There are 2 protein chains.
Amino acid sequence: MDRIEVTVLPTRKVIKAQIGNSILQILHEADLDIESPCAGEGICGKCKVQVLQGQISSIEEEEAGLLSASEITQGIRLACRAHVLGDVKLSIVVPGINDIRILEQGNMPEFTVDPNIRKVFINPNPPSLQDNSSDIERIEEELKISGEVRLDVLRSLPVTLRESEFKITCVLSGEKIIGIEEGDTTDKGYGVAVDIGTTTVVASVIDLNTGREIGTASALNAQVKYGSDVLSRIQQTRRNLNKVGELKGMIVRTVNSLIGQICAEQSIDRKYIYELVAAGNSTMMHLFLGISPSYIGVSPYAPVFRRGLMVKARELEIDISEFGEVYCLPIASGYVGADIVAGIMATELHKANEPSLLIDIGTNGEIAFSCADKLVACSCAAGPAFEGANISCGMMAAEGAIEAVRIGDSVRIKTIGNKASIGICGSGTMDVVAELLKCGAMNTAGRLLSQEEFLQIPGRPAIAHRLWGQDRQRKFILVEHSPSGEGSVVHISQDDLRQVQLAKGALRSGIEAILITQGVELGDLSKVFLAGAFGKKVRSESLATIGLIPEELASNIILVGNSSKAGATMALLSRKRREEAEAIAERIQYLELSDYPNYERLFASCLVFPEKGGRAFCHTDKFGSDRE
Amino acid sequence: MDRIEVTVLPTRKVIKAQIGNSILQILHEADLDIESPCAGEGICGKCKVQVLQGQISSIEEEEAGLLSASEITQGIRLACRAHVLGDVKLSIVVPGINDIRILEQGNMPEFTVDPNIRKVFINPNPPSLQDNSSDIERIEEELKISGEVRLDVLRSLPVTLRESEFKITCVLSGEKIIGIEEGDTTDKGYGVAVDIGTTTVVASVIDLNTGREIGTASALNAQVKYGSDVLSRIQQTRRNLNKVGELKGMIVRTVNSLIGQICAEQSIDRKYIYELVAAGNSTMMHLFLGISPSYIGVSPYAPVFRRGLMVKARELEIDISEFGEVYCLPIASGYVGADIVAGIMATELHKANEPSLLIDIGTNGEIAFSCADKLVACSCAAGPAFEGANISCGMMAAEGAIEAVRIGDSVRIKTIGNKASIGICGSGTMDVVAELLKCGAMNTAGRLLSQEEFLQIPGRPAIAHRLWGQDRQRKFILVEHSPSGEGSVVHISQDDLRQVQLAKGALRSGIEAILITQGVELGDLSKVFLAGAFGKKVRSESLATIGLIPEELASNIILVGNSSKAGATMALLSRKRREEAEAIAERIQYLELSDYPNYERLFASCLVFPEKGGRAFCHTDKFGSDRE
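Residues numbered from 1 in each chain as written. Chains lettered and ligands numbered in written order. Predicted model: local features only at pLDDT ≥ 70, side-chain atom pairs only at ≥ 80, totals over all residues. Heavy atoms only, no water.

Caption draft 1: Looking closely at the overall build of chain A. From N to C terminus, chain A includes 17 helices and 26 strands. For chain A, the C-alpha radius of gyration of 26 Å lies close to 25 Å, the compact-globule estimate for 628 residues. Judged by the C-alpha coordinates and their principal axes, chain A covers about 100 × 70 × 45 Å. The buried share of chain A, reckoned over its 628 residues, is 62%. Counting only contacts in chain A whose residues sit at least 6 apart along the sequence, the fraction spanning at least 24 positions is 68%. Accessible area for chain A stands at about 23900 Å²; split by element, carbon and sulfur atoms hold 47% of it. Separation between the mean location of the 65 positive side-chain charges and that of the 81 negative ones in chain A comes to 2 Å. (Helix = DSSP H or I, 4+ residues; strand = E, 2+ residues; numbered from the N terminus. Rg over C-alpha atoms; globule rule 2.2 N^0.38 Å. Buried < 20%, exposed > 50% of the residue type's maximum accessible area, 1.4 Å probe, protein only. Contact = heavy atoms within 4.5 Å. Areas by Shrake-Rupley, 256 points an atom, 1.4 Å probe, with all protein chains shown as cover. Lys, Arg positive; Asp, Glu negative; His and termini not counted. Charge placed at Lys NZ, Arg CZ, Asp CG, Glu CD.)

As structure tokens, this is what we get:
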């Protein structure tokens, strides 16, 4: 038997594995989450593990090129390139499921708490010879309802009624009894609001009696192992229909683990969670339900469904009350998903009387415009650059991530939690690109200057030594290797700048296209809501500097955080808002950018970074040194 | 290992068994159906097996008393008393699941075929960039419907649509799409109507396009192993709640096997069976759905539900189309079940303008009265005597069963299929009791005369030698042992006569009680529908002779056969009739006999057999000799 043991720290989880397999394969088979946007092709350099003990295949040139000398010294390897030759002890280097702090909150307008799930305590008279109608009718009479009844309610009813001496609590979904409990349990009623992102999943447990959020947790979408964008997931299902079930299982597992985490932290019994409301892009909603998104991937991009769907939690294997339900918010088209519907509801964009925009920056960027009875949305493939994926040193907004950067006479950075820097997250990436543009180290075409070129610039800051390498291998060193060994070398490469450029080009072209088709001038815009997982820490100045949004809008921007989860929470807590979401989805007109005349030219013109370097730095954030 | 093999002929099924176990236990564990109304107590003498080879415990006095000398010679044993001591080959003697011919047909009024299940072929336009609404909306538009959608439909939809080039057949239940099929399959659509009796289950497969019955089959309810009446089943569930699932599984297995049998005979693919409609008494409906009937068994006899229920076939494990549904007809109370609701619909009793009765003779007897806006029903525990159970030589209406008896100068019998007699079924039992009463061999108190007493009667037929035994052991020999060995000795015992007397007393008292409470005289009755599993061969003269029905009604009787299954068929084929059934169930007033003033006195007076021996024999049936 060529079986060996791989021990993963800090949990000390032991995996039995086949000798010769790659660590990535072994971790995937054990369902451990590790980022690998290139799907194990050895290109992205993301799947880092630190090998602490044991025999491993030796490092080859290609792999070494994706690691710093310091990392190599520390025994850091790419999981996709390292093969096990005997028992191994390792830890996953990239922030995993337990140490991530993703933007979890979203703004919400006021509304009355009137959830779809209600719990009602009743104490009907027991049957008598004079009144021997059925058990279920006795209950319906108390509740003043009548209609379809679930078989499992009927199965548990006779015994529950009598063991509780006819004192029971009925759990209703709308006007339908979905479950019964002995005694008065009306004080225990919870729901879950979930935002299922392509890259990250955020869940909150909400008290349905008070509307109060009990706890929140977030994690990588376990599907990231199949690549970082929506199309890579769709491609999986096109190649092999059975993959739909597998991809569904991954989201479900992620969601169940988040619910479990919150319940454990807040001492809540998940049997009292009766409903989960989910929002996400159209592909994620399809996959969550186990419905193939294959045809969203090819023209004319038709989804299988659009209206909101109510499904038994058990049917999806969502681990809440055994009679719990799952409501999926409606989608508007194959590329305008429930996340933007939820976002529109949370920002009340659809009620705007003056021209307003909602820009949701995610792996799939979505832009919605509203004014009076107009509600138009488009979608663009921004890529996950602003979520920290597909960027050499990119990471999610976890501790140690650089979230802000200023370049003056030196380079100043701020990390989340003020910890040693281990990478850079979305807001940090936007900042560094804006700063490089302002100081001239990157030109408007997005090219990083060489040391020699940079030294030609009059009044340049003293950062030329941070420009390394030639042409496409060129990079800007944000954090230099520290002698103490703390923190890693963090840089931004020419390729990274191209990723950012493509993302901002895509988003900006969407904004331009939607405004042009609606005949709206920039100056006419009243409000611009900016939503996304990059955080509330993003500087609108940087967004304007890099041209992601027009400079004229920078002062109008309202950061709304995770508006998708905020909308899901509203639909969980208010029946009226749930109906409103359905109405919003129906109202949205879809603007297909590939249909837009000369879209390619518009996109190309949006790729260029702005000539003038934005406004002056005037931020009050406290910055630490970069530990040089 | 003390394991031996029991081989059951004619199927040659081999069962591994523990040495020392009773054959009854072994057959039950292998789920082979064998009648054992006394549940293995060694009292009823029904669980006969013929041991052909092998070692078996020796016969004891008690068992031998329940077998004839000829049976003992042939190696016939009671399965509950015989224990295996080594490998054994045997066959089950009592007619089993495959050779029974139960009354399967029922009369039906005219109605328009408009089933709840519809199949519609559509060929929608594929999506385009101009029209990229979702797949499901595309279909709903063609069908002009919109509403809740099943998850499994959405899961199969995208691929089915495209593989069939947008030519699909939708299966609708009411206004809801429950399934889709590639191409045009509208010519293949079937349903099943089932009557779930306490003792017997009858199923028919019906063509939903034409309303034509494709095939019918019937079998013992596998639950009979737990005793012959409704109360014995309820008691099982009271002792142990897990039994509900087991009893449900038994009915489901019986129903699935009947469907399989018909499909095999008629070459029908069960995937084209989309709906099953079930009728049965309240306890059977509860058990079929896996809902505990425990509280039907105790005052105030409250059922768990009354309205009709629609359930997914898969949820009940009914083996029809994977998206098929099961509709259970409504019940009126704990003891007025869906069978009587169906029967009322099939006979249109509820539309009677003049006083009319429906008498459904089953293990549980039910009587319904209707006149103008009155609709009243009561229920009485008749016992299974008229279905051939709890009678020494009783059997179901299978080949070899004596179905008619005449006593003149000799005893003439007619068997089903004109085969050698092996027992007596319901109509035969009614006949023999009527004939014994007429010739004076049984007195009006139900006592069988001794030879000596009988010989005192002037003008007596020459049958005195057929009266055997003393007091409670006395019996009347219907078929004497034949030297050829063909046929068994068939008799009717004093105990059997008591069973019949109790059954007729219960039914007659129900009839009297309902008429008295409704203030109706016998002469006022316009129609009397007689339904039940004893067959259309029953002579109304015999029923009047024994006093089961008043003599005045004999000429008004309309035999309607299995009206429960007829009603189920109507509900399967007509949406209007299904609604009508719900209305009937709500209209029925329940008359609780135990509430009726002085019911015990009424019942006692109904036990007595009528003084005058009914009308003269004037039947044209062809009778064979009794093979003396």
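Caption draft 2: Structural view of the relation of the copies chain B and chain A. Superposition record for chain B on chain A: RMSD 0.2 Å, screw rotation 180 degrees, translation along axis 0.0 Å. Within this description, the copies of the chain are treated as partners about a two-fold rotation axis. Within chain B, Glu-315 of chain B has its C-alpha nearest the rotation axis, a separation of 5.9 Å. (Least-squares fit on C-alpha atoms with pLDDT ≥ 70 in both.)

Caption draft 3: Fine view of the packing of helix 4 (residues 135-143) of chain B against helix 5 (residues 151-163) of chain B. Residue and element names in this part refer to chain B. Two elements in contact, helix 4 and helix 5, have axes separated by 10 Å at closest approach and are oriented at 80 degrees. On the basis of their axis angle, the class for helix 4 and helix 5 is roughly perpendicular. Residues Asp-135, Ile-136 and Ile-139 of helix 4 touch helix 5, and the partners they reach there are Val-153, Leu-154, Leu-157, Pro-158, Leu-161 and Arg-162. (Axes fitted to C-alpha atoms, helices over the stretch in contact; angles between N-to-C directions. Parallel < 35°, antiparallel > 145°, perpendicular 65-115°, else oblique.)

Caption draft 4: Representation of the pairing of strand 9 (residues 190-196) of chain B in the model. Residue and element names in this part refer to chain B. Burial analysis of strand 9 places seven of its seven residues in the buried class, the great majority of the element. Of the two faces of strand 9, the one carrying Tyr-190, Val-192, Val-194 and Ile-196 and the one carrying Gly-191, Ala-193 and Asp-195 are both buried. The pairing of strand 9 with strand 10 (residues 200-207) spans seven bridges and is antiparallel. Bridge pairing links Val-194 to Ala-203 in strand 10. As consecutive antiparallel partners, strand 9 and strand 10 are separated by three residues. (Pairing = 2+ DSSP bridges.)

Caption draft 5: Broad picture of the sheet that holds strand 19 (residues 411-415) of chain A. All names here are of chain A. With mixed pairing, the three strands of this open sheet are ordered in space as 19-18-20. Since the sheet does not close on itself, it has two edges, and those belong to strand 19 and strand 20 (423-424), each with one partner. In the sheet, strand 18 (residues 401-407) pairs with strand 19 via five bridges, with the strands oriented antiparallel. Directly across from Ile-402, in strand 19, lies its bridge partner Thr-415. Packing of helix 11 (residues 426-439) onto the sheet brings it into contact with strand 18 and strand 20, and relative to strand 18 it is tilted by some 15 degrees.

Caption draft 6: Quick peek at the side chain of Thr-198 of chain A. Residues and elements named next belong to chain A. Counting through the fold element by element, Thr-198 comes out in the loop between strand 9 (190-196) and strand 10 (200-207). At a separation of 2.9 Å, a polar atom in the side chain of Thr-198 contacts the side chain of Asn-281. Here Thr-198 is in contact with Asn-221, Val-224, Ser-228, Asp-229, Val-230, Arg-233, Asn-281, Met-284 and Thr-363, once residues within four sequence places are set aside. (Polar contact = N/O pair within 3.5 Å; in protein donor to acceptor, adjacent residues only side chain to side chain.)

Caption draft 7: Main features of the packing of aromatic side chains. Residue and element names in this part refer to chain A. For the structure on display, the rule yields six aromatic pairs over all chains. A ring pair is formed by Tyr-274 and Phe-323, whose centres lie 5.8 Å apart and whose planes are at 15 degrees; its orientation type is stacked. Pair noted here: Tyr-274 is in strand 12 (residues 273-280) and Phe-323 is in the loop between helix 9 (313-316) and strand 14 (325-328), with a separation of 49 residues, a long-range link. Taking relative accessible area as the criterion, Phe-323 reaches 10% and is therefore assigned buried. (Phe/Tyr/Trp six-rings, centres within 6.5 Å; stacked < 30°, edge-to-face > 60°.)

Caption draft 8: Broad picture of the interface of chain B and chain A. Chain B puts 44 residues into the contact, and the matching count from chain A is 44 residues. Of the roughly 3800 Å² buried between chain B and chain A on both sides combined, carbon and sulfur atoms contribute 59%. Put simply, chain B and chain A have four salt bridges between them. We note a salt bridge from Glu-140 of chain B to Arg-307 of chain A, for which the minimum N-O separation is 2.9 Å. Summed over the shared surface of chain B and chain A, the result is 14 residue pairs in polar contact (both at pLDDT 80 or more). Where the side of chain B that touches chain A is concerned, the elements lending two or more residues are helix 4, helix 5, strand 13 (309-312) and helix 9 (313-316) of chain B. Tallying contributions element by element places helix 5 of chain B first for the side of chain B that touches chain A, with seven residues. (Buried area = accessible area lost by both parts, 1.4 Å probe. Salt bridge = Lys/Arg side-chain N within 4 Å of Asp/Glu carboxyl O.)

Caption draft 9: Region of interest: the environment of Gln-456 of chain B. Residue and element names in this part refer to chain B. Along the polypeptide, Gln-456 turns up in the loop between helix 12 (451-455) and strand 21 (467-468). The spacing of Gln-456 and Pro-124 is 332 residues in sequence and 88 Å in space, taken between C-alpha atoms. One polar contact links the side chain of Gln-456 to the main-chain carbonyl oxygen of Glu-452, over a distance of 3.3 Å.

Caption draft 10: Here's a closer look at the sheet that holds strand 6 (residues 117-122) of chain B. Residue and element names in this part refer to chain B. With antiparallel pairing, the three strands of this open sheet are ordered in space as 6-7-8. Where the open sheet ends on each side, the last strands, each with one partner, are strand 6 and strand 8 (176-182). Taken pair by pair, the neighbouring strands of this sheet meet at an average axis angle of 25 degrees, ignoring direction. Sheet analysis places strand 7 (residues 168-173) next to strand 8, joined by six bridges and oriented antiparallel. Residue Ile-168 lies in a different strand from strand 8, and its bridge partner there is Glu-182.

Caption draft 11: Spatial organisation of helix 13 (residues 494-517) of chain A. Residues and elements named next belong to chain A. Here helix 13 contains 24 residues, and its C-alpha end-to-end distance of 34 Å stays within 8% of the 34 Å for a straight helix at 1.5 Å per residue. For helix 13, the tally of buried residues reaches 18 of 24 residues, placing the bulk of the element in the interior. Gly-519 lies just past helix 13 and shows a positive phi near 65 degrees. (Expected span 1.5 Å × (residues − 1).)

Caption draft 12: Quick peek at the confidence of the model for chain A. Residue and element names in this part refer to chain A. Mean pLDDT for chain A: 87, with 92% of residues reaching 70 or above. Here residues 95-105 scores under 50 on pLDDT; set against residues more than four positions off or in separate chains, the count is 43 contacts. Every residue in residues 613-628 scores below 50 in pLDDT, and together they form 38 contacts with partners more than four places removed in sequence or on other chains. Prediction confidence for the complex, expressed as pTM and ipTM, is 0.79 and 0.78 respectively. (pLDDT = per-residue confidence, 0-100.)

Caption draft 13: Main features of the pattern of salt bridges. All names here are of chain B. Evaluated as defined, the whole model comprises 66 salt bridges over all chains. Among the ionic pairs, Asp-431 bridges to Arg-406, the shortest N-O distance being 2.6 Å. Placement of Asp-431 in helix 11 (residues 426-439) and of Arg-406 in strand 18 (residues 401-407) is noted, with a sequence separation of 25 residues between them. The two residues Asp-431 and Arg-406 agree in class, both being buried. Across the pair Arg-539 and Asp-431 runs a salt bridge, and its minimum N-O distance is 3.1 Å. With a gap of 108 residues between them, Arg-539 in the loop between strand 24 (527-532) and helix 14 (540-546) and Asp-431 in helix 11 connect regions that are remote in the sequence.

Caption draft 14: Quick look at the environment of Gly-297 of chain B. Residues and elements named next belong to chain B. You can see Gly-297 is positioned in the loop between helix 8 (282-288) and strand 13. Spatially, the C-alpha atom of Gly-297 lies 6.5 Å from that of Leu-231, the residues being 66 residues apart in sequence. For Gly-297, the contacting residues outside a window of four places in its chain are Leu-231, Ile-234 and Tyr-335.

Caption draft 15: Here's a closer look at unusual backbone geometry. All names here are of chain A. A cis geometry characterises the amide bond from Ser-299 onward to Pro-300, with omega recorded as 5 degrees. By the element assignment, Pro-300 lies in the loop between helix 8 (282-288) and strand 13 (309-312). A positive phi is found at Glu-317, a non-glycine position, where the angle reads about 65 degrees. Of note, Glu-317 is situated in the loop between helix 9 and strand 14. The exposed category is assigned to Glu-317, whose relative accessible area is 56%.

Caption draft 16: Quick peek at helix 16 (residues 575-587) of chain A. Across its 13 residues, helix 16 of chain A extends 19 Å between first and last C-alpha, which sits within 8% of the 18 Å expected from 1.5 Å per residue. Capping the start of helix 16 of chain A is the job of one residue whose side-chain oxygen sits 3.3 Å from the backbone nitrogen of Lys-576 of chain A: Ser-574 of chain A.

Caption draft 17: How the structure looks around the pairing of strand 13 of chain B. Residue and element names in this part refer to chain B. Residues Leu-309 and Val-311 line the buried face of strand 13, whereas the alternating positions Met-310 and Lys-312 sit on a face that is not buried. As paired elements, strand 13 and strand 14 (residues 325-328) share four bridges and run antiparallel to each other. Across the sheet, Met-310 pairs through a bridge with Tyr-327, a residue of strand 14.

Caption draft 18: Main features of the state of the cysteines. Residue and element names in this part refer to chain B. Under the counting rule described, the total for this entry stands at zero disulfides over all chains. In this structure Cys-380 is a free cysteine whose sulfur lies 6.0 Å from that of Cys-378, the closest cysteine sulfur available. You can call Cys-380 buried: its relative accessible area is 5%. (Disulfide = S-S within 2.5 Å.)

Caption draft 19: Fine view of the packing of helix 6 (residues 230-239) of chain B against helix 7 (residues 243-266) of chain B. All names here are of chain B. Direction vectors running N to C along helix 6 and helix 7 enclose 140 degrees, while the axes themselves pass 8 Å from each other. Viewed along their axes, helix 6 and helix 7 adopt a mutual orientation that is oblique. Side by side, helix 6 and helix 7 meet where Arg-233, Gln-236 and Thr-237 of the first sit next to Lys-243, Val-244 and Leu-247 of the second. Per-class residue counts for the contact of helix 6 with helix 7 are two nonpolar, two polar and two charged. (Nonpolar A, V, L, I, M, F, W, Y, C, P; charged D, E, K, R; others polar.)

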